[in-house]
Structures are given as structure tokens and as C-alpha cells.
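What follows is the residue order along each chain.
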Amino acid sequence: MVKTWIKRWLYTTDHKDVGILYFVTSFYFAFLAALLALFMRTQLAVPNNKFLGAAEYNQAVTMHGLLMVFWFLSPLGIAFANYFIPPQIGAKDLAFPRLNALSYWLYAFGGLVTFIGFFSPGGAANAGWTNYSPLTSIQFSPNAGETLAAAGLIIVSASVTVGTINILTTILFHRAPGMTFMKMPMFTWFIFFTMLQMLWAFPSLLAGLIMLESDRILGTLFFTSVAGGSILWDNVFWFFGHPEVYVVLLPAIGAVMEIFQVFTNRTLYAKKIAVAAGFAIVTISFMIYGHHMFLTGINVTEQEVFTINTEAVSLPFGALMVIFIATMYRSAVKLATPMFFALGSLAIFVVGGLTGVFNSSLALDIAQRGTFFVVGHFHYVMVGASLFGLFGATYYWWPKMTGKMLSESLGKLHFIVSIIGFNLIFFPMFFLMDMPRRIVTYTADTGWGPLNLIASIGSYIFIFGHLIFLSNLVRSYARGPPAGPNPWHGTTLEWTSWKGGGPSPMGVGASSIGRPLLSSLSADPHNVKSSHGSIGPEIAHQHWSGRPIQLSLGLSIALAGLGFGFPIFVLGLVLLTWALVGWASDDLHDRFMVPDEPPGERWPFQTTTKLKLGMWAFISSEFTFFGVLLGSYAFVRYNFSYWPPPGSIHNIPVAGVNTIILLTSGLTMLLAVQSIKTGAIKHVRTLLGSTLALGVVFMIIKGSEWYDLLTGSPPFTPQTGLPGSTFFVITGIHGAHVIAGLVALVYLLVRTRNGWTPGKRATVEHFGLYWAFVDMVWVFVFPLLYLV
Amino acid sequence: MAFASVAEPAATYQSLFNLYLTFAIIAGTITIGSLILFPILYRKRGTAEEPEIGKKERGNLKVIGLVVVLMIATLSTTAYASFTVKDFYLRHPDCKTAICVQVEAFQWAWNFTYPNGKNVVGLLRVPQDTPIVLNVTSSDVFHSFSIQALRIKTDAIRGRYNVIWFNVPGTCPSYGKSGFCEYRIQCFELCGLGHAFMTGRLIVMPPSDFTNYISSGP
């Protein structure tokens, strides 16, 4: 029994189980990060305090930021998305259940890899969550902790990429009949926006981290050189970093919208404008990151554009605020705990948003940059708006997840204590405009003592509030009163008859979607029945797969090996290979079967398949990834005084022939896909084999090219200069993509050795997309790196 | 530019800050006020009114449009004011009228080099009522140079030179242990273990004292 229980939580791919795993894990990391925050506030409570040393403080400040942003706030939103998006849109599960488990385990292990830095010599990462270079270079931060933090972030980027593709595909492809875009609940909408941002923002971080790790381990010069250095990192990091703020915020806003509708007993005022505002936020969020760089000395016109764009992003948020207030106007507001937290989240967000307008000014930023004013501002947005919103979501959805009610009085107490504590911590910071961030201590003559003391007292009150929250959860789980299927009279689909913990309501009938459902629900919430029976446990077991956890463990150990040494790296690779082979063999023997979703609302993707949709989502994220890499190349090259002329380093004829070989492999792959479409199936395996052979030849020539460069005289290596660094890293990453493609080709050939099925044909087609993309990247890489 | 009665550009900064603060307080009061007032006003009482769910979706573009237009007007005003102030910050006097000092940040102090080659770590002495131009860079990691009370700051980055200027009048908010007017110089970007202690002192002296100081050897 215990064994089954353990196995369930390690092997589950069910969206609700994975949601609960996300939920619990994110609170675990929140606990660690909150302890670090408490240490910091204790240290800063009085001037000249010696509670923490500078080394400990810098680690605390760094890990607090990293854990809270990447391992708590964002994943808590994802937890609710996992659990409630499928039922909200009438789907059985997420589009790719195993990838869902994979994204969870990558997230969890990534956090551990980062956190384990505390136990390595030299301690955890200590250069701030922003990882500003060149402080993060091996010269200034030789500790393994920094390498481990970057490794953990690489793992979490992988997790995010997999997860976003999954949720996006689910929302686009798994909506029940009748669940058109405009009928989608607002939480689903805002998760959709979040996913779009994550999909295109995280690859920038990933590219930056790969360059950083290659600087630290291989000795490349991206961030240690003057041509790249601080400004390159700032661009790469903040292109990711600013959208990340909205990534953390939007799930909370979506949840607050759900809560508002239920607890005002009104539909959202001007829902269409709310959706439009969401799209506007996504778009503008990618065009404002420069406001983090006003004082680096970037061009003043750029600064003015970034100021205007940053102020522009407050327009959709202003519209949202009007929508919230107008929804309440002449409504019937039920002041239950979720509504308190929703209102608190919005009120705090107003303060965070308005102080953000101060920071958007290229002039006001001069004094505010790097001060506690900024700390106050972003905590009002990230802690205040996001955390209070997500607490609201917890109070709102907990009864559905557990089937038990939470205590209202403890909930309200939690709200009052935490809103007092929160404002005591962060409001004084607006008056600490002369105090730098991230300092371990200050002298008494600065006059910063009293305000810091108030903030520190506030932090203890805030933590106490969360102990109330925790006790409320435990108490409810142990002996809370039963919740019933719809305790709040919710109007979205997750509140239909399905009880928490059981199977999802599968494909609830088309007629009950949208407003007819709303009215029937408010008439009698117990009346609506799921149109499907429940799945028995024996079928549920087929949903188990050990591969996601094995694969994540392998990748995490391998990347932890970057910090702990080569043997660990190899061990991880072995495990990773074993997991991949296992995964492939599961598929070859059809060991993992997910029942197909009946067709529903798929506009505008009626004619495509969900794997193709997922592949396109992946390729779009790869566009950002290679875009950032090639952009970084252009940046350092533009800033570097001497670049070897074309032909002086590289053998252009050989590389040209190699390009032709790769493009020919693209042609054979294209022919394979065409043959499948026209039904000439017998040539397909030959064509796939030719693609494989051409790809292998490409890699062999590439390898000999590398060998000649590395052993030539004088040798051209990653360490000898930026031309070498950029060449080896970019062609290396492209080569890794080719190798991944070749492995997939081998798998395709094995899989199709005895006959074809429609599924196998589709897989070849989807692989064709990937291979075309890899070829296309080379079409950019070859001229940029060899010919100009 | 000489003989400022108030410290510049700090005074200009403060007027811009006040403009933002005024707008923020107005907007904040209205929004937070409604967020507190509406739930009290429309709190559901014993007899619930007929639920609105199922009725036609509401939404009035005019209200939202009006608010957005108001916001655009406000933000344009503040943005324009910001551009003007930034322009004031950028228009630094040249080294004929001002005293130009090279500032090199390193872990964890500041190295000041005067035009005559005099070189001091941690202490920046300047004459009052005279524009001072600082050319800031770093020899190692990313730092940020600031004299916060004077509302000036710029990042110190290796390979880059960022210029800031200021002008301090004879009136003094606080006298330091040198007996002269002093301001705190501090690093505002996490730069390693010594970040919190990467401070310096700006000492503002009467011009005659400064002349003596600057000519008194390295």
C-alpha cells in the first residue's frame, strides 16, 4: 500500500497529481526562501549588526531571489494551471502527460541543484539573482555554488520550455466542444498569456546561462571580455527578466478574476477588453527591459523609447483595474477569505504599479536605481500582487483539491496579519531611497536604523501570518468540514460534479458550456453531472511512467556535474541515456497509452495535429534561443576591435561543402515527408536512412574541422578570443541539435522497421519540421560565422 | 552654471519626483479608495438580490476608454518632464569651466584622479559652487557610483566611461569629521563581499582650501 502510494507520486502523469506535486514543492521552496528572508531582515534590523557576515548575506540575498522567483511564485501559478486548466476547458488531461511530469521533475531537481550550492565549498551563488557579469565569472566567483545555480537555472529553463509547450497545446487543442476562445475562463486566458511569455522569454535566459557556464567551465570570453561583458549580460538577462515579472504576476491576476466573478456574483465587466489587455501586456512586456539599464550608459534615445514603452504597459493594467472596480459596482460582494485576498492583491498591486511608473522614468531612475525604493516596488508587485492573489487562489480552490473546507476565521486572520506584516516590511522601504540594496549592514549615522527595524518587525509578523495559513491547511486536511462539489457557487467548469481527488470531469457535454451552464449551476450546483463515468484505478496505472523522473534525474546529475566534477557529469549522462532509451522503448512497445481526446474546439488549428502544434511551439522558442545566441555574436563582434577576415581562420570550401551536405539531408527529409503524404511509403525508410547518413557525414566533417582548428598553429580555441568563443559555442550548440536529430532518426528507423501506422507517419512529419529548422539555423550560422 | 544657490541636479530631480508623486497619490487614492469602498458599499446583505449571472455580458468601452485617455495624458506629461530632466543631467559642462575627475571603481573602493594627476582613494574633495564632472569606469566588476544625497548616480562598468556632473552650494546639510561639508559616496550594485563597505566621502571645501589641497603633492 505504502509502496503503491510512493510509486504513484513518483510515477504519476495525471495533471491533478502533478498539480499537487507542484503545489507542495513550491511551498517547500517558499519555506526555504522565507527563512533566508528572515535571516536578512534580522541582520538589517539594527545598524552594524553581526548576525550574518557579508558572505552569508550575499548568499541569502541571491538564493532568496532565485528560489522565490523560479521555484515558488511561478510554479505555484503552474500548480493551479496544472490542476484546473484541463477541467476549466473540459479536457481530460494536459496534452502531453509525460512531458508534464517531466517538467515537474526538472523543476524540482533544478531547485535542489541550485540549493545544494549551500553545502559546496565556497557556499551558494552570491552574485544576486540577476547574476550580473563579470561578478559571476570564475575569476570573481570561483565557488561551485555559482556554477550550480546556473546549472539549476538551465534545468528550470528546460522545465519551463517543456511545460509551456504542454499547456499551450492543451489550451489550443483540448477545448471541449462549445469552449470557444471567448468562453474560456479568465484564469485559463491569463495562464495562456503567461505561457506565451515564458515560451519566448526563457530561451533568452537559457542562451545567457549556456554562455555563462561556457565562460566558467570552458574559459570562453563572452562575459569576461570588455566587448561582451556586463552590457551583453544585461541585455540577454533582462530580455528574459522583465517579461518574467509578468510571468509571475499574470496567473495571480487570472485567479483574482475568477474570484471576483464568483464573489461579486457578476460576470467580468468587459471581458473582451480584459483579454485584449492581456495580449497587450504580453506584447509590450518584451519591449521594455531596457529600463533596467538606464545608468549603464546606453544611448539616450533608446532610454526614451524604453521609458515610453514601460509607461505604456501601465495602460492595459489600468484598463484591468477599471474592469475590476466596475465588476464590483452595484454587485453583491461576498466577503469570504478568497475575496479578501483578491482585494488585497489588487490594492497592493496599485502601490506596486504606481511606484513602477517612478522607476520607468529614465530621470527618476538615476536616484532610485539599486536602492530600497526598488526593493519596495518589486516586492509590492511580486510578493504583494502575486502572492496575495495566489493565496486567494489557494483559499478558492483548496476545497476542490481536497474536498474539505478551510476555516474562514483563520483565513481572515491570516489575511489581516499578513497584510499588516507585508505593509510594515515594504512600505518603509519607499522612504529608504538612499539605502543601497543587497548591503549586509549599514552604520548608525545613515539614519536608516528605525525604518529597517520597522521592516524587520513586519517580517516576523508576516511570517507569523503564514503559520496561521499553514495551520489552517493542516487543520482542514485533517478534519475540515466536507466542501461539497461547489462550495462557492463557482460558475466555471471545474466546479461541476467532479469532486477533488477523483478523476477529472471528462469532456463535459457541449450544451453545458458557457452561460447555460452558469445559470443551471447557480440554480442548483449539485445538479450538473459529468457526462463520463469515472476511470478505475487499473486504468490510472497506465498513466504511470518512471521515465520522466529518471530523465530529469539524469539531466540534473549531469548538470550538477558541471560544479562537482567530471565523474558526476558522466554518471548523469549514463542515467540520462538509460532514461531516454527506456522512454523510446516504452513508445516502441506502446507501454504508455493516453486515450485520445475527442475533437472539440480547435480553431484555428482544426487541420493540424497536437504533436505538430507542440513542435511549432518548440521551434518558436528555439527562434528566441538562436536569435539571442546570434544576437550576442553580433553584439560582441560589433564591439570588438579586431575580427579575423573571412577565410583567414576557417576553411570556407570545406565548410561550404559541409553546408551543401546538410542542406541535402534537408532535401532527403523533405522527400521522406512528401512520400508519406503521397503514400509512396516504401521509399520513406531509404530516405530517412539517407538523411541519417548525410547528417553523420556533416558531423564527421564538422569534427575534423574542429580538430584542425584546435590543433592548428597558432591554435584557434574557445579561450583564445571572442572569435573562438563565439564560433565554438554557436557551432557546438547547433551540432548538439544535429546530434539530437540523428538520435531521433535512429529511433524513427527502429520504430518503423516493421510496418507503418498513421501515428508513425505523423511522427516522421513532425520530425521533418525539426530537421528543417536545424537546417535553417545553419543557413544563418554559416554566412555569419564563415563568410563575413 | 557657477554659484548655484541649490545643489544641482538634485533640485531639478526633486521637482520631477514631486510631479510623479502628485499624480501617484491622486491615482492611488482613487483606485485603492474604490477597492476599499465598493466591497463595503455593495456588501451582500441578508436578502440577496437577483444574481446577474446569465444576463447579457456587460462592458462599457467609454469608461475604460476615458481612463486610458486620462492615463495617456498623465504619462505623456510625466514622460516629457522626465526627458527634460534627463537632458539637464546629460548637459554636463566641459572641462574648461568644470573640474573633471576620473573615477575608477575597483573591489571595493573608488580611485579619484584629478586633472593634475593627483590620485586619491576613497576621498573626493571638491570646491563649492563649482561644477564637477566625473568620468566613471571600473577596473573589475560591475559597480554603480552614487552620491545619493546629490541625486547623482551612474554605473561603473569596465571598458565604458559614463559621465555625470554636479554642483554644490556653500550651504551644507551636514558637516563631517573633516570639518567641511560631507556627502556619502556609495556603491549601488552588488559587487562582492565588500559591497556594503564600498563607501567614500565627498568633501566640499571653500575654493581656496581646495586650491591648497590640489597643489599639495600626490
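Position numbers for residues count from 1 along each chain, tracking the sequence in the order it is written. Throughout, the order in which chains and ligands are written sets their labels, letters from A for the former and numbers from 1 for the latter. Restriction of local features to residues with pLDDT of at least 70 applies here, the model being predicted, together with a cutoff of 80 or more for giving and counting side-chain atom pairs; totals for whole chains, interfaces and linings are based on all residues.

Colleague: What am I meant to see in the domain arrangement of chain A here?
Modeller: For an interface, size is often stated in terms of accessible area lost upon the parts coming together. Residues and elements named next belong to chain A. Parsing chain A into structural domains produces domain 1 (1–258 + 542–640) and domain 2 (651–788). By convention here, the domain bounds are inherited from an automatic or database domain assignment. Here domain 1 and domain 2 have C-alpha centroids that lie 27 Å from each other. By definition, residue pairs are in contact when their C-beta atoms, positioned from the backbone, come within 7 Å. Contact residues are listed per partner, giving 25 residues for domain 1 and 20 residues for domain 2. Looking at the side of domain 1 that touches domain 2, the elements with two or more residues in it are helix H6 (186–217), helix H18 (566–588) and helix H19 (610–639). At ten residues, the largest contribution of residues to the side of domain 1 that touches domain 2 is made by H19. By the criteria applied, helices consist of DSSP H or I runs no shorter than four residues and strands consist of E runs no shorter than two, each listed in order from the N terminus.

Colleague: Even after reading the chapter, I still don't get helix H1 (residues 10–41) of chain B, so can you show me in this structure?
Modeller: Helical geometry: 3.6 residues make up each α-helical turn, so side chains three or four residues apart lie on a common side. Between its first and last C-alpha atoms H1 of chain B spans 45 Å; for 32 residues at 1.5 Å apiece the expected length is 46 Å, and the two agree. Fitting axes to the seven residues that end at a residue and to the seven that start at it, the angle between those axes gives the bend at that residue. Along H1 of chain B, the sharpest change in direction is near 25 degrees and occurs at Ser34 of chain B. On the buried face of H1 of chain B, the contacting elements are helix H9 (300–328), helix H10 (337–360) and helix H11 (365–368) of chain A together with helix H2 (61–90) of chain B. An expected span of 1.5 Å times one less than the residue number is assigned to each helix.

Colleague: Even after reading the chapter, I still don't get the interface of chain B and chain A, so can you show me in this structure?
Modeller: Each partner contributes residues to the interface: chain B has 67 residues there, and chain A has 73 residues. Residue assignment for the side of chain B that touches chain A shows that the elements contributing at least two residues are H1, H2, strand E7 (152–156) and strand E9 (181–187) of chain B. Of all the elements, H2 of chain B adds the most residues to the side of chain B that touches chain A, at 15 residues. Among the residues making up the side of chain B that touches chain A, the classes are represented as 37 nonpolar, 16 polar and 14 charged. Here the nonpolar group is Ala, Val, Leu, Ile, Met, Phe, Trp, Tyr, Cys and Pro; Asp, Glu, Lys and Arg are the charged ones; every other residue, Gly included, is treated as polar.

Colleague: Looking at this model, I keep getting lost on the domain arrangement of chain B. Mind explaining?
Modeller: Each assigned domain of chain B is listed with its residue range as follows: domain 1 (10–90) and domain 2 (99–214). The C-alpha-based centres of domain 1 of chain B and domain 2 of chain B are spaced at 40 Å.

Colleague: Would you explain the packing of H10 of chain A against H1 of chain B in this entry?
Modeller: Packed helices, taken two at a time, are described by the angle their axes make and the gap between the axes. Only C-alpha atoms enter the line fits that serve as axes; for helices the fit covers just the stretch in contact. Angles between N-to-C directions range over 0 to 180 degrees. It is the contact of H10 of chain A with H1 of chain B, at a shortest axis distance of 10 Å, that shows an interaxial angle of 170 degrees. Here H10 of chain A is positioned roughly antiparallel relative to H1 of chain B, judged by the angle of their axes. Two secondary-structure elements touch here, H10 of chain A through Leu343, Leu346, Ala347, Val350, Val351, Leu354, Val357 and Phe358 of chain A and H1 of chain B through Tyr20, Ala24, Ala27, Gly28, Thr31, Ile32, Leu35 and Pro39 of chain B. A class-by-class count of the residues in the contact of H10 of chain A with H1 of chain B yields 14 nonpolar, two polar and no charged. Under this scheme an angle from 65 to 115 degrees is roughly perpendicular, one under 35 degrees roughly parallel, and one over 145 degrees roughly antiparallel; angles in between are oblique.

Colleague: What is the right way to look at the sheet that holds strand E6 (residues 143–147) of chain B in this model?
Modeller: Pairing between the strands of a sheet is mediated by backbone hydrogen bonds and can be parallel or antiparallel. All names here are of chain B. Spatial strand order, E4-E10-E9-E6-E7: five strands in an open sheet with mixed pairing. On the outer flanks of this sheet lie strand E4 (123–127) and E7, each paired with one strand and no other. For this sheet, the mean angle separating the axes of adjacent strands, direction not counted, is 20 degrees. As paired elements, E9 and strand E10 (residues 199–205) share six bridges and run antiparallel to each other. Looking across to E10, one finds that Tyr183 is bridged to Leu202. Lying on the sheet, helix H3 (residues 207–214) is in contact with E4 and E10; it crosses E4 at an angle near 130 degrees. The pairing criterion is simple: DSSP has to find at least two bridges between the two strands.

Colleague: Can you walk me through the packing of H9 of chain A against H1 of chain B in this structure?
Modeller: Where H9 of chain A meets H1 of chain B, the closest approach of the two axes is 9 Å, and the angle between their N-to-C directions is 20 degrees. Accordingly, the angle class assigned to the pair H9 of chain A and H1 of chain B is roughly parallel. Handedness of the H9 of chain A/H1 of chain B crossing: left-handed. Residues Met321, Ile325 and Met328 of chain A of H9 of chain A pack against Thr31, Ser34, Leu35, Phe38 and Pro39 of chain B of H1 of chain B. Of the residues belonging to the contact of H9 of chain A with H1 of chain B, the class tally is six nonpolar, two polar and no charged. A crossing counts as left-handed when the near helix is turned anticlockwise from the far one by less than a right angle, and as right-handed when that turn is clockwise.

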